[in-house]
Every structure is written in structure tokens, then in C-alpha cells.
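Observations on the model geometry
Each chain, letter by letter, is given below.
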Amino acid sequence: MPKPRLLTLLLVAGLLQLLLGTPPAGAAEPTTRRQRPNVLLVVSDDAAFGDVPWGGGNAAMPNLEELAREGVAFGNFHTSPVCSPTRASMLTGNDPIDVGLGAFDYAIYPPTEGKPGHEGYLTRNTVTVAELLRDAGYRTVMVGKWHLGGPGHGGWGPNEWGFDRSYGILSGGSNHWNQQVFLPNPKKPEHRELMARRVVPTEPWFENGQPVQRPIGIHSDDLFTSKLLTYLEESKDSGQPFFAYLAFTSPHSPLQAPAQLISQYTDYFYKHGYHGLKKLRYEAQKNSGLIPATSPFPDQSHNWLLQSWSSLSDEQKRSEARAMATYTAMLDHQDQSLGKLLSYLKESGQLDNTLIIYLSDNGPEGMDDDGPGANPALSRWVRENFSQDPADLGKGNTFIEMGRHWANASTGALQWWKWYLAEGGVRTPMVLRLPAGSSQRQKGSISTTYVNVKDLPLTILDYAQVSAPSGRYGERNIVKPTGVSMRPYLEGKADVVRTPEQWVVSDIFGNSSIVSGRFKALRQSKAMFGDGQWRLYDIEADPGETRPLNAQQPARLQQLVALYENYAKEKGIVPVAENWSPWQGDLKQLPRPAVAPLPAPAELP
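Quantities reported herein were computed from a predicted structural model and do not represent experimental measurements.

**Notes on the pairing of strand β9 (residues 354-360)**
With 7 of its 7 residues buried, β9 lies for the most part within the structure. On β9, burial covers both faces: Thr354, Ile356, Tyr358 and Ser360 on one face and Leu355, Ile357 and Leu359 on the other are all buried. The pairing of strand β1 (residues 38-44) with β9 spans 7 bridges and is parallel. Paired with Val42 across the bridge in β9 is Tyr358. Note that β9 and strand β10 (residues 430-433) share 4 bridges and pair antiparallel. Considered in β10, the bridge of Ile356 is made with Arg433.

**Some remarks on the packing of helix α8 (residues 266-288) against helix α11 (residues 403-410)**
The geometry of α8 relative to α11 is characterised by a closest axis approach of 7 Å and an angle of 45 degrees between their N-to-C directions. On the basis of their axis angle, the class for α8 and α11 is oblique. Residue-level contacts link Phe269, Gly273, Tyr274, Leu277, Lys278 and Arg281 of α8 to His405, Trp406, Asn408, Ala409 and Ser410 of α11. Among the residues making up the contact of α8 with α11, the classes are represented as 5 nonpolar, 4 polar and 2 charged.

**Re the pattern of salt bridges**
Counted under the stated rule, the structure contains 37 salt bridges. One salt bridge connects Glu66 with Arg69, and the closest N-O pair in it is separated by 2.6 Å. A residue pair is termed a helical-turn pair when its members lie 3 or 4 positions apart in one helix, as Glu66 and Arg69 do in helix α2 (residues 62-70) at 3 residues. A relative accessible area of 32% places Glu66 in the partly exposed class. For Arg69, a relative accessible area of 49% puts it in the partly exposed group.

**Some details on the sheet that holds strand β5 (residues 165-169)**
Reading across the sheet, the 10 strands line up as β7-β6-β5-β4-β8-β1-β9-β10-β2-β11 and stay open at both edges, with mixed pairing between neighbours. Two strands lie at the open edges of the sheet, namely β7 (210-212) and β11 (445-447), each paired on one side alone. Here the average twist between neighbouring strands, direction ignored, is 15 degrees. Where strand β6 (residues 205-207) meets β7, 3 bridges bridge the pair, whose relative direction is antiparallel. In the strand pairing of β7, Trp205 is matched with Val212. Taken strand by strand, α2 contacts β2 (72-74), β9 and β10, and its axis lies near 60 degrees from that of β10.

**Topic: the nonpolar core**
Of all hydrophobic cores here, the largest spans 101 residues; its most connected members are Leu64, Leu228, Leu232, Trp406, Trp419 and Phe509. Once you skip the residues sitting within four places of it in the chain, Trp419 turns out to touch Pro81, Val82, Phe104, Ala107, Glu365, Met367, Phe509, Asn511, Met528, Pro582 and Trp583. In terms of nonpolar packing, the next biggest core, distinct from the first, is built from 49 residues, Leu132, Phe163, Ala247 and Ile460 among them.

**Some details on the packing of α2 against helix α9 (residues 314-347)**
Look at α2 against α9: their axes get within 7 Å of each other, and the N-to-C directions meet at 60 degrees. Taken together, the axes of α2 and α9 are oblique relative to one another. Listed contacts from α9 to Pro62, Asn63, Leu64 and Leu67 of α2 are Asp335, Gln336, Leu338, Gly339 and Leu342. The residue inventory of the contact of α2 with α9, partitioned by class, reads 5 nonpolar, 3 polar and 1 charged.

**A few points about the confidence of the model for the protein**
Put simply, the protein has an average pLDDT of 92, and 93% of its residues get 70 or more. Note that residues 1-34 has pLDDT below 50 and, in this model, 19 contacts with residues that lie over four places away or in other chains.

**Brief notes about empty space enclosed by the protein**
One pass over the structure, following the stated rule, counts 6 cavities of 30 Å³ or more. There is about 220 Å³ of room inside the largest cavity. Lining the largest cavity are 21 residues, and of these Ser80, Pro96, Val505, Ser506 and Asp507 lie nearest its centre. Considering each element in turn, the lining of the largest cavity owes the most residues, 5 residues, to strand β15 (residues 504-508). By residue class, the composition of the lining of the largest cavity is 12 nonpolar, 6 polar and 3 charged. In terms of lining, the second largest cavity is formed by 17 residues, of which the most central are Gly102, Thr112, His118, Phe509 and Val576. Residues of the lining of the second largest cavity, tallied by class, amount to 12 nonpolar, 4 polar and 1 charged.

Reading the values: the criteria
- Residues numbered from 1 in each chain as written.
- Predicted model: local features only at pLDDT ≥ 70, side-chain atom pairs only at ≥ 80, totals over all residues.
- Heavy atoms only, no water.
- Buried < 20%, exposed > 50% of the residue type's maximum accessible area, 1.4 Å probe, protein only.
- Helix = DSSP H or I, 4+ residues; strand = E, 2+ residues; numbered from the N terminus.
- Pairing = 2+ DSSP bridges.
- Axes fitted to C-alpha atoms, helices over the stretch in contact; angles between N-to-C directions.
- Parallel < 35°, antiparallel > 145°, perpendicular 65-115°, else oblique.
- Contact = heavy atoms within 4.5 Å.
- Nonpolar A, V, L, I, M, F, W, Y, C, P; charged D, E, K, R; others polar.
- Salt bridge = Lys/Arg side-chain N within 4 Å of Asp/Glu carboxyl O.
- Core = buried A, V, L, I, M, F, W, Y, C linked by side-chain atoms within 4.5 Å.
- pLDDT = per-residue confidence, 0-100.
- 1 Å grid on protein atoms, 1.4 Å probe; cavity = no way out; pocket = protein on both sides within 12 Å on 5 of 7 lines; lining within 4 Å.
- Points joined across faces, edges and corners; volume = space filled by probe spheres on them.

Following this line, the structure appears as C-alpha cells:
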């Protein structure tokens with residue numbers, strides 16, 4: 001038995017350990033709730049690589065710039081080319097096809113229906129970062145766009161995937177000012193009946209899994225931000241860290257924003273036009289270090305999909321400039337909402353202990369109301385149900401899209417846009433800001449190391465001191481995540497996030513890619529203006545994918561294609577017919593490739 005003096009010293013030491021949080025000798029490192037960082041995950045919807053200030057973007061985004069100054073901006077961050085597959089990987093660390101999102105719910109290839117991995121919603125063979133953090137003592141809240149399943153969509157909503165509180169929509173988009181749907185579903189009898197009467201159907205909104213009505217006349221950014229602030233405020237004294245997921249629906253179409261923001265950007269886009277904007281952003285990206293100074297500028301002069309600015313009438317130029325100004329105003333407005341959230345965290349004393357991640361879920365939307373990539377039924381529905389008056393631009397009674405010309409321009413050095421596996425569709429902005437006091441690389445730097453969206457949940461778990469799942473979660477058998485933690489890289493203990501051996505495959509709509517280190521093998525389907533041939537690129541030196549390396553490195557291309565083919569066989573990837581288009585279904589005639597002639601690929605040995 002300890003002597004009285006020794007017992008007194010032990011009691012005092014124990015009290016100091018409780019007060020100071022120092023573990024007793026031989027004890028495990030404590031994982032108390034207060035020591036773990038809060039996590040704020042912010043997703044912008046369809047923002048382009050060049051939309052951020054260091055990418056040449058035109059929107060005022062001082063709050064995102066501040067996060068970048070305090071953290072790291074990434075210039076080689078990759079997602080899926082459409083929304084829901086990205087969100088599946090972002091919340092689980094899995095490849096989309098492993099967890100039901102090998103198919104995109106708005107464009108499912110008919111032969112994949114009913115096949116594992118192509119359900120179009122998040123399947124129960126995985127576990128989300130929200131579930132794991134909730135089990136570890138976090139309060140978990142989500143607002144905005146879910147797009148991973150739920151009532152009317154198959155699968156389950158956010159409250160069944162680990163979120164204590166949730167508010168928003170289950171689909172891929174919605175009107176930003178009212179409760180109208182983003183797109184009607186002709187498969188639903190009630191939608192067909194309303195469409196026949198030229199009435200826009202209502203988008204279901206949910207709070208904590210229950211249907212609710214959203215207020216009319218409040219922009220989606222304001223609605224989601226205010227609801228998240230309410231959730232955080234009502235539980236701020238719980239003693240628990242939080243995981244907050246803010247999934248904006250901006251700047252996703254329909255392009256709608258406050259009128260006073262739109263007007264300040266119109267003249268700039270009228271002055272510079274499509275090509276002028278693309279070149280300006282390309283130069284800005286080189287100057288900031290987002291891409292190498294020697295990166296080639298894509299020569300798109302022979303791309304028949306892209307119009308020249310000079311070919312438009314003055315009226316057309318002004319209309320196009322207003323559309324791009326509205327898109328830019330949405331980014332401006334979104335940043336203001338982000339600023340409100342950051343101000344709350346600062347004033348409530350929570351900002352320093354918060355890990356913050358901002359990203360876009362894919363490249364900019366390039367769909368048009370007309371042209372070779374348009375959906376005729378959608379275009380007709382838009383003309384019949386929404387105002388075509390330029391004076392209404394940005395209001396809730398309009399439906400306009402960015403279109404392929406501005407989408408292409410907005411990426412700067414990159415080519416193509418959302419829906420495509422070329423860099424313009426999958427390389428997006430990402431900023432990561434660590435909690436204060438964390439060991440990290442130089443603040444305010446721009447990183448060009450390759451990062452995949454499935455690496456984010458593993459990074460979050462690492463900083464939250466929560467073990468990554470492996471094989472089983474509760475009663476569920478799960479697919480082990482293939483994401484990796486960025487923490488060794490962020491702390492300067494590793495030169496890269498992923499080694500060449502940790503390659504990443506993407507496959508959707510008949511397009512395929514595999515990235516290994518700085519090299520990427522890519523093929524684009526004939527129905528989507530490609531030729532179906534594999535090409536090899538160095539996406540660090542040539543982010544615009546302008547110089548195929550087939551002839552110079554045929555063995556590397558052969559190796560990557562072989563890895564892809566083994567992966568495709570293992571995962572059950574369904575080959576897509578060369579005449580199938582995600583927008584128009586089976587084509588009677590294939591379109592000609594977007595650039596003629598395409599660089600001829602070398603024969604694989």
C-alpha cells in the first residue's frame with residue numbers, strides 16, 4: 001500500500017493529468033471528444049477548375065481565398081465526372097462501382113440495370129464517414145444536396161447513413177428560389193400529367209427524413225447556410241465535436257442569383273468572350289503555380305463543337321455574357337454564405353479547432369438547350385415552362401445553363417467538362433485547411449500532387465483519430481476503402497499522396513481512364529465525340545491533354561490498359577455500345593469526333 005505522502009502525490013498528479021489532458025505513464029493516447037477537431041466539408045456543385053481566384057476566376061471569393069492562405073490549395077485534385085459517384089467516394093473512400101454508383105441515376109445505360117455496382121444509389125456494402133464519426137462521439141449534420149438515394153430514388157437518405165440532422169433535397173438539383181424540380185421524371189405518372197399541362201412539378205424537400213416545404217423567395221445558398229448554423233448553434237454546448245457537411249446546389253443549373261450580383265460581371269464576359277476567357281485563365285493558372293509554366297495551351301481552333309465569339313451577333317454576345325455573369329454571381333453569393341459560416345465558427349470559438357475542406361464535385365456543366373449534346377425533350381420542356389425574357393435572368397421563373405462554350409472556357413488550361421473523363425470534367429478546385437497548431441506544409445501553398453476524392457474520408461478519419469473500416473461494420477459486410485490518408489503528405493512526411501502503384505480507375509458512359517502517378521490513359525466514346533481509342537498523357541506536364549505519348553511510351557500505355565482491363569473484369573464493368581449517348585440514348589448515326597483529325601494512336605505492342 002502506498003505511503004500517505006506518495007498517495008497524496010499520486011492524487012495530485014492524477015488531478016493535473018485530468019486538468020491538463022496529459023495521459024498517465026503507459027496509458028494509451030486519449031481520444032476525448034474535446035481533443036478531436038471539428039470537421040466542415042463544403043461541396044460546390046459543378047464549379048470549374050478555373051473558377052477559383054488562383055485559377056483565374058472572376059467571382060469575388062475572399063472567404064475561400066482566406067482558407068487557401070491558411071491551408072493548401074490543390075491543383076491536381078480529381079473527382080468523378082458527375083455528381084453522385086463523386087459523393088459516394090467522398091463519403092466512403094470507395095470506388096463508385098463498389099458501392100452502387102457505377103451508374104448515374106439521370107443516365108443509366110439500360111444493360112446495366114439490375115447489375116451489382118450499378119444501382120444508382122449508395123448500397124449497404126459500405127460505411128460512411130458520418131457513421132464512423134457518429135459512433136466515435138461526433139454530432140453529425142448535413143444540409144443541401146444528398147443525391148445518393150432515399151424515398152423515391154431507391155436506397156436510403158442521409159439519416160440512414162449516419163447523420164443526426166439533415167435538411168435538403170435527395171435529387172441532383174432544384175430551383176434555387178422556389179420548390180420546383182430541376183428536372184421532371186417522365187417515368188412518374190404525376191409528372192407526365194403536369195408536364196402535359198405545362199406545370200412544373202414540385203421537388204420534395206426533407207428534414208430529418210420527413211417531408212417539408214421550403215420557404216419561397218430565399219436563395220438555396222442562404223437556406224442551406226442558415227439551417228446549418230441553426231443545427232450547429234443548438235448543440236454547441238454538447239461537448240461533442242461536429243462533422244458538418246454543407247452540400248451547396250450552386251452553381252449547378254438552373255443559373256439563378258441575386259440581380260445586383262449579376263450586373264457587375266456582365267461587361268467582362270462580353271468584352272473577352274469564350275476564347276479570351278480561356279486564355280486569361282490559362283495564363284493566371286501558370287502565374288499562380290496551379291499548373292506548370294510550360295503547360296501547353298489547348299489548340300481548339302478545329303473543334304467543331306466550339307463556336308468562336310466573333311461568329312455571334314451582338315445580341316447573342318450580350319445574352320451569353322449575362323448567362324456567364326449569372327453563373328459567376330452564384331459563386332460570389334456562395335462565398336458570401338461560406339463567410340457567414342466561418343464568421344460563426346470564429347465568434348463561437350470553434351474555428352481554430354476545425355478541419356475545413358472545400359471542393360467541387362466535378363467540372364462545369366456543358367449541356368446546352370440546343371446543339372449536338374442537347375436533350376431535345378429537356379430543351380422543349382424548358383422553352384414551354386420558363387421565361388425567355390432577358391430581363392428575368394437569374395430569377396426563379398428562368399432556366400438557363402452555362403453551356404459547352406463557357407464550360408470549356410472556364411477551365412483555362414483543361415479540355416472538356418462535366419460528363420467527360422478528360423481533365424476538364426474531373427480536375428476541380430480543392431482547398432484543405434487544418435486545425436490550428438497542426439503540423440503542416442507551408443501555409444498558402446499550391447500543391448500539384450495527385451489527389452483523388454476518395455482520399456478525403458480517410459484523411460478526415462485520420463485527423464479525428466478514428467480507425468478506417470476494414471471488411472465489416474456492425475452487421476454489414478463492407479468493401480474495404482481504397483482511399484488513402486493525405487496526412488503524411490500534409491505533414492511533410494511524404495512527397496506524394498498516392499504512389500504510382502496506388503492507381504485509380506474511372507469508368508462511366510463508355511469513357512474510361514486510369515491514372516498512375518503523373519500518367520493517365522484515357523479513351524472517349526464515339527457517341528461522346530471521341531474515337532474510342534486509348535491515349536496516354538502526362539497530366540502533370542500537360543494538364544490539357546494536348547500531346548498523346550502513345551508513340552513515345554507504348555509499353556507504359558500497354559501496362560495501364562492491362563491494369564484497367566483486369567480491374568474492369570474484377571468489378572463487372574459493363575461495356576457500353578459505341579452508339580449510346582447519356583443524353584440521347586441509342587444514336588442512329590455516330591457524331592464525328594470533336595477534333596479532326598485526332599492524333600493517331602500508336603498500335604499497342
